[in-house]
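Coordinates in review
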Amino acid sequence: MKKVSKIFLGLLLIFSFASTLSAAKFSKMGHHPQLIQEGKEKPWCHICGMNLKMFYKTSHAVILKDGTKRQYCSIRCLVVDWPNIKDKVKEVLVVDAKSEKLIPAKKAYYVVGSKVPGTMSKVSKIAFAKLKDAKKFQKKYGGKIVDFDTAFKMAKESLKKDMAMLKKKKQKMMYPKGKMIYKKMCKKDIDKSKFKTIGELKTYIVKSGVCGDVKGKKLQALALYIWEVKGNETKEAKLQIVVPKDAKCPVCGMYVYKYPRWATEIITKDGKKLYFDGCKDMFKFLLNPEKYGYKDLKIKKILVTDYYHQIAIPAKKAYYVIGSDVLGPMGNELIPFKYKKDAKTFLKDHKGKKILKFDEITEEVLKELE
């Protein structure tokens, strides 16, 4: 019986690998793409700046009543732009993945939720001009066949989740990478206010050579950093806990400024500021201030650093995840978030045990973290 189970498991793994490999064989890149946008931003998605040729088989386009043409890497980006154009749209087009020609979206057959990865979304949506081509694709890659209105509705309903997923990826990888490239390679400051779209910005970077010969994923990371982050860094800095270099954690004695992403702060009513290298040590202090030399502690404000957004937030309103696989300077930590939805996402992604509010954190909870 064990031998049969092993054989079955082996076949299952082979089938799974074959399915993944099969999906990987489908390329979204266009060989002879129809790019109908005009102007400098022609090669890039109007919303996210992605290379339209690379994601051509999921791309959409609109022709507005005044003759303006816009093109998008995906139905997701079309949905993002829809509130701005819905009263001006003359026609919506989509790429037929078989012929690579732009066709009326209302006449297309969409295969939704196939094994092929989505573009700017978890769920892929690939369109075809003919039902027989959609069925052939469906047989190979799975998914279900729907019309444009259904696919658009699905993209609209999942937009919030998709944007949260993309934001997380950008914060973890694209923004830091873009910032590094900007500081290392760009010869002069780039003011994003001079450009109407991220596509115009990318065209300027490429043609001016101001940041050297940057292309592909590096170009996308650089453009995203300039377009979405660079101008806001000064504002965000004002929302962060600024730790003096000589500030030591009252609990463990470590220099807190070395760990800015974990910093917490207690401001007393007489104006004294105490800094901690994590929420765990801060709560140890709050639950027993006399142990650390503060007999009559009168608190005015308590701040912690939101793990995802890296801004200072009121400790009493935060959501704390415990038991995750993410370690702080002092090991197992309470991971703080401003929004409960972020805490839930982190809990799921990092094997957390539970989410607690400020008043639920006791000495027993802290013992679990030791």
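In short, a report on the structure. (Residues numbered from 1 in each chain as written. Predicted model: local features only at pLDDT ≥ 70, side-chain atom pairs only at ≥ 80, totals over all residues. Heavy atoms only, no water.)

Ranked by size, the top nonpolar core spans 32 residues in total, and within it Ile266, Met282, Phe283, Val304, Tyr320, Leu334 and Ile361 carry the most contacts. When residues of this core are traced back to their parent elements, those giving at least two are strand 9 (273–276), helix 9 (279–287), strand 10 (299–305), strand 12 (319–322) and helix 11 (363–368). Sorting elements by how many residues they give to this core places helix 9 first, with five residues. With near-sequence residues (within four places) excluded, Phe283 lies in contact with Tyr320, Leu334, Phe358, Ile361 and Leu366. Membership of the second largest hydrophobic core comes to 31 residues, among which are Ile85, Val89, Val146 and Leu166. (Core = buried A, V, L, I, M, F, W, Y, C linked by side-chain atoms within 4.5 Å. Buried < 20%, exposed > 50% of the residue type's maximum accessible area, 1.4 Å probe, protein only. Helix = DSSP H or I, 4+ residues; strand = E, 2+ residues; numbered from the N terminus. Contact = heavy atoms within 4.5 Å.)

What follows covers the sheet that holds strand 1 (residues 60–64). The four strands are arranged 2-1-3-4 in an open sheet whose pairing can be described as antiparallel. The two strands at the open ends of the sheet, each matched to only one other strand, are strand 2 (69–72) and strand 4 (102–104). In this sheet, neighbouring strand axes are inclined to one another by 30 degrees on average, regardless of whether the strands run parallel or antiparallel. Bridge analysis of strand 1 against strand 2 gives four bridges, and the strand direction is antiparallel. (Pairing = 2+ DSSP bridges. Axes fitted to C-alpha atoms, helices over the stretch in contact; angles between N-to-C directions.)

Here the focus is a positive patch on the surface. Taken together, the side chains of Lys25, Lys98, Lys130, Lys132, Lys136 and Lys140 present a region of like positive charge at the surface. Here the positive patch gets three residues from one element, more than from any other, and that element is helix 3 (residues 131–141). As for its placement among the helices and strands, Lys132 is situated in helix 3. (Patch = residues over 30% accessible without salt bridge, like charges linked within 9 Å, V, L, I, M, F, W, Y side chains within 5 Å. Areas by Shrake-Rupley, 256 points an atom, 1.4 Å probe, with all protein chains shown as cover. Salt bridge = Lys/Arg side-chain N within 4 Å of Asp/Glu carboxyl O. Lys, Arg positive; Asp, Glu negative; His and termini not counted. Charge placed at Lys NZ, Arg CZ, Asp CG, Glu CD.)

This part covers the packing of helix 2 (residues 75–85) against helix 5 (residues 159–185). Running from N to C, helix 2 and helix 5 point in directions that differ by 110 degrees, and their axes come no closer than 11 Å. In terms of their interaxial angle, helix 2 and helix 5 are classed as roughly perpendicular. Here Arg76, Val79 and Val80 of helix 2 come into contact with helix 5, specifically with Leu159, Met163 and Leu166. Each residue belonging to the contact of helix 2 with helix 5 can be placed in one class, and the counts come to five nonpolar, no polar and one charged. (Parallel < 35°, antiparallel > 145°, perpendicular 65-115°, else oblique. Nonpolar A, V, L, I, M, F, W, Y, C, P; charged D, E, K, R; others polar.)

This part is about helix 6 (residues 198–208). What helix 6 keeps buried is the set Ile198, Gly199, Glu200, Leu201, Lys202, Thr203 and Ile205. Lining the buried residues of helix 6 we find helix 7 (216–229). Positive backbone phi, approximately 70 degrees, marks Gly209, located one or two places after helix 6.

Right, let's get into the packing of aromatic side chains. For the structure on display, the rule yields 22 aromatic pairs. Taken together, a centroid distance of 5.8 Å and an interplanar angle of 55 degrees make the contact between Tyr182 and Tyr225 tilted. Residue Tyr182 is located in helix 5, and its partner Tyr225 is located in helix 7; the two are separated by 43 residues in the primary sequence. Ring geometry for Tyr307 against Phe337: centres 6.1 Å apart, planes inclined by 65 degrees, an arrangement best described as edge-to-face. Pair noted here: Tyr307 is in the loop between strand 10 and strand 11 (312–314) and Phe337 is in strand 15 (residues 335–337), with a separation of 30 residues, a long-range link. Across this residue pair, the class does not change: Tyr307 and Phe337 are buried. (Phe/Tyr/Trp six-rings, centres within 6.5 Å; stacked < 30°, edge-to-face > 60°.)

For strand 5 (residues 109–112) and strand 6 (residues 125–128), the ladder comprises four bridges, and the chain directions are antiparallel. Its bridge partner lying in strand 6, Tyr110 is registered against Ala127.

A few words now on the state of the cysteines. The tally for this structure, following the rule as stated, stands at one disulfide. Here Cys186 engages in a disulfide with Cys211; their sulfurs sit 2.0 Å apart. Residues Cys186 and Cys211 are joined by a disulfide whose S-S torsion is about 100 degrees; by sign, that bridge is right-handed. Here Cys186 is found in the loop between helix 5 and helix 6, whereas its partner Cys211 is found in the loop between helix 6 and helix 7, with 25 residues between them in sequence. On the basis of relative accessible area, Cys186 is assigned to the buried category, the value being 13%. Cys211 sits in the buried class, given a relative accessible area of 0%. (Disulfide = S-S within 2.5 Å.)

On their own, these measurements won't tell you what the molecule is for.
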